[in-house]
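# Remarks on the overall topology
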Amino acid sequence: PVTRDLSENKRRMILGWLSQRHPPRKGRLRDEMSLDVLRRHLQTAIQVEHSTIPMYLYALFSIKPGANPQAREIIRTIVLEEMIHMSLAANILTAINGTPDFVSPQFVPVYPGPIPGGLHPDITLRLSRLSKNLIRDVFLKVETPQYLRDEDEELFNNTIGGFYQTIKRYLKRLENEAKELGKTIFTGNRNRQVEYDLPGHLKIFAVHNLNTAIKAIEEVITQGEGNSQVEPQNDYSQLAHYYRFGEILYEKRLVKQTDGHWDYSGTPVPFDEDGIWPLPDSPHVLDYEQGSRARRLVTSFSHRYLALLAELHNVFNGKPFGLERSFSGMFALTMSALEIVSQPKSNECGSEHLGPVFENEWNLYNEQVFGSLEAEPASLDQCR
């Protein structure tokens, strides 16, 4: 009967699936696996990586100028790595002759809401100002390594790391089957691959075959989770996302002791709650009065955000050299966000401030106040 063995975790998993626009994918290999199904999984991977970026950016934008420098740098580098993960997933999809999609209506998540694809059904993503509660209740849960979660197979397969392990198995299986017929699944146009070297070890690299596809997946997993339970660093001696967020939570650097174990006993990572703007949780364009200065500001920001996604869509669909041009859009988006978060809703600087809105196209098409992407000169007092 359907009522048998309906544990709390499974109940929440089902509720998470029901809230998705698309049906959930199973984590384990199945006989009916096909190249088309693999392509859909990789598109889901792109959306999963993207779903964390607005959430982390919102927390980053909530830090006041000059405040919490260590926390700011931790989150900034994690956002950059999530963008690289999204790009690598898109390169894998392109390599197997798929079409990365950054502009469909369902690409932009609704906050608060579930992670795409039915992953982590116990987690609700939300936009919120940076706080220890946000890190503990959301960020750490999103980035929790597979080896720290319940060993139940069904739960494992619905972690982000477990999902990527499944994609890796699909790639190996389908490529081996193709090779038996003298073929390959990596038939995508190589000229559509996006490559870019960023500061340090960060790199978006091309995917042309099974080896480079697996390398990309391992890059995503180790940057997010580390190499193992006893080695929280990745191959570049950098802590995985889960442990870097932990440094903000525990206000100490994670360091390795002489006996080989790791703990948060290193140099301080101070976190000052007074250095955070009082932003609203998961704001939407329709939260602000039509025709108001606030409405125009957040609408302008959301248009910039959607324009940036459209630019990335072009980059990963035949115009890879346009990636550098998209950097100016990222800069404009950041400047717009920093203006918004400094604006109080009322004339009192102790009040809640405006929050940047990451809205999908359907809501914005209902807007009657589009105007120009250039915001009007500030008419509200800015708090310092």
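Scroll up for the structure.
Now for a quick tour of the structure. Sequence positions are assigned chain by chain, starting from 1 and proceeding in written order. Two thresholds apply to this predicted model, a pLDDT of at least 70 for residue-level local features and 80 or more for giving and counting side-chain atom pairs, whereas whole-chain, interface and lining totals are computed over all residues. Working from all heavy atoms in the structure, the side-chain values ignore hydrogens and water.

## Some details on the overall build of the protein chain
Strands here mean DSSP runs of E at least two residues long; helices mean DSSP runs of H or I at least four residues long; both are numbered from the N terminus. Within the protein chain, the regular secondary structure consists of 11 helices and 4 strands. Burial classes: relative accessible area under 20% of the type maximum marks a residue as buried, over 50% as exposed, and values in between as partly exposed (1.4 Å probe, protein chains only). For the protein chain, the proportion of its 384 residues judged to be buried stands at 53%. Any two residues whose heavy atoms approach within 4.5 Å are treated as being in contact. Taking all contacts inside the protein chain whose residues are at least 6 apart in sequence as the whole, residues at least 24 apart take part in 71%. Accessible surface is estimated by sampling points in the Shrake-Rupley manner with a 1.4 Å probe; for residues, cover comes only from the protein chains shown. If you sum the accessible surface of the protein chain, you get close to 17900 Å²; carbon and sulfur atoms cover 50% of it.

## Considerations on a nonpolar patch on the surface
Side chains of F331, M335 and L338 sit close together on the surface and give an oily, nonpolar patch of about 300 Å² of accessible area. The topology assignment puts F331 in helix α10 (residues 323-341). In this scheme, patches are assembled from residues that exceed 30% relative accessible area and form no salt bridge. Like charges are connected within 9 Å, while nonpolar side chains (Val, Leu, Ile, Met, Phe, Trp, Tyr) are connected within 5 Å. The salt bridge definition used is simple: a Lys or Arg side-chain nitrogen within 4 Å of an Asp or Glu carboxyl oxygen.

## A word on the packing of aromatic side chains
Two rings from Phe, Tyr or Trp (for Trp, the six-membered ring) form a pair when their centres sit within 6.5 Å of each other. Planes less than 30 degrees apart are called stacked, planes more than 60 degrees apart edge-to-face, and all others tilted. Inspection of every chain in the model, using the stated rule, returns 11 aromatic pairs. Here the aromatic rings of F102 and F316 are separated by 5.5 Å at their centres, their planes lie at 25°, and the arrangement is stacked. Here F102, found in the loop between α3 (69-95) and α4 (132-143), pairs with F316, found in the loop between α9 (293-315) and α10; they are 214 residues apart in sequence, far enough to count as distant. The two residues F102 and F316 agree in class, both being buried.

## Overview of the packing of helix α2 (residues 35-61) against helix α6 (residues 160-180)
Axis definition: a line fitted to C-alpha atoms, over the contacting stretch in the case of helices. Angles run 0 to 180 degrees between N-to-C directions. At a minimum axis distance of 11 Å, the contact between α2 and α6 shows a crossing angle of 150°. One finds that α2 runs roughly antiparallel with respect to α6. For the pair α2 and α6, the crossing hand works out as left-handed. Here L35, L38, H41, L42, T44, A45, V48 and E49 of α2 lie close against α6, whose contacting residues are I160, F163, Y164, I167, Y170, L171 and L174. Here the term charged refers only to Asp, Glu, Lys and Arg, the term nonpolar to Ala, Val, Leu, Ile, Met, Phe, Trp, Tyr, Cys and Pro, and the term polar to all other amino acids, Gly among them. The residue makeup of the contact of α2 with α6, split by class, is 12 nonpolar, 2 polar and 1 charged. Angle categories are assigned with fixed cut-offs, so that under 35 degrees is roughly parallel, over 145 is roughly antiparallel, 65 to 115 is roughly perpendicular, and the rest are oblique. For any helix crossing, the convention is left-handed if the near helix is rotated counterclockwise from the far helix by under a right angle, and right-handed if that rotation is clockwise.

## Here we look at the pairing of strand β3 (residues 252-256)
Strand direction decides the pairing type here: β3 and strand β4 (residues 262-268), joined by 4 bridges, are antiparallel. Its bridge partner lying in β4, V255 is registered against D263. Count of turn residues in the β3/β4 antiparallel hairpin: 5 residues, of which G260 carries a positive phi of about 100°. Paired strands, as defined in this entry, are two strands with at least two bridges between them according to DSSP.

## Focus: the pattern of salt bridges
Counted according to the given criterion, the structure contains 10 salt bridges. For the salt bridge of E81 with R244, the shortest nitrogen-to-oxygen distance reads 2.8 Å. Of the two residues, E81 sits in helix α3 while R244 sits in helix α8 (residues 241-250), which places them 163 residues apart along the sequence. Taken individually, E81 and R244 each receive the classification buried, so the pair is uniform in this respect. A salt bridge links E311 to R325; the nearest nitrogen and oxygen atoms lie 3.9 Å apart. Pair noted here: E311 is in helix α9 and R325 is in helix α10, with a separation of 14 residues, a long-range link. The exposure class assigned to E311 is partly exposed, which follows from its relative accessible area of 22%. According to the relative accessible area criterion, R325 is exposed, its value standing at 54%.

## As for unusual backbone geometry
The amide bond that connects Y111 to the next residue, P112, takes the cis arrangement and shows omega of -5°. Looking at the element boundaries, P112 is found in the loop between α3 and α4. The phi dihedral of S282 is positive, around 40°, even though this residue is not glycine. With respect to the helices and strands, S282 occurs in the loop between β4 and α9. When its relative accessible area of 8% is taken as the criterion, S282 is described as buried.

## Some remarks on the environment of L286
In this structure, L286 sits in the loop between β4 and α9. When its relative accessible area of 58% is taken as the criterion, L286 is described as exposed. Once the C-alpha coordinates of L286 and T299 are considered, the two residues, 13 residues apart in sequence, prove to be 9.5 Å apart.

## A look at the packing of α9 against α10
The geometry of a pair of packed helices is captured by two quantities: the angle between their axes and the separation between those axes. Following both chains from N to C, one finds α9 and α10 inclined at 160°, their axes separated by 10 Å at the closest point. On the basis of the axis angle, α9 is roughly antiparallel to α10. Seen along the crossing, α9 lies across α10 with a hand that is left-handed. On α10, the residues that touch R293, L297, V298, F301, R304, Y305, L308, E311, L312 and V315 of α9 are L323, R325, S326, G329, M330, A332, L333, S336, A337, E339 and I340. For the contact of α9 with α10, the per-class residue count stands at 13 nonpolar, 3 polar and 5 charged.

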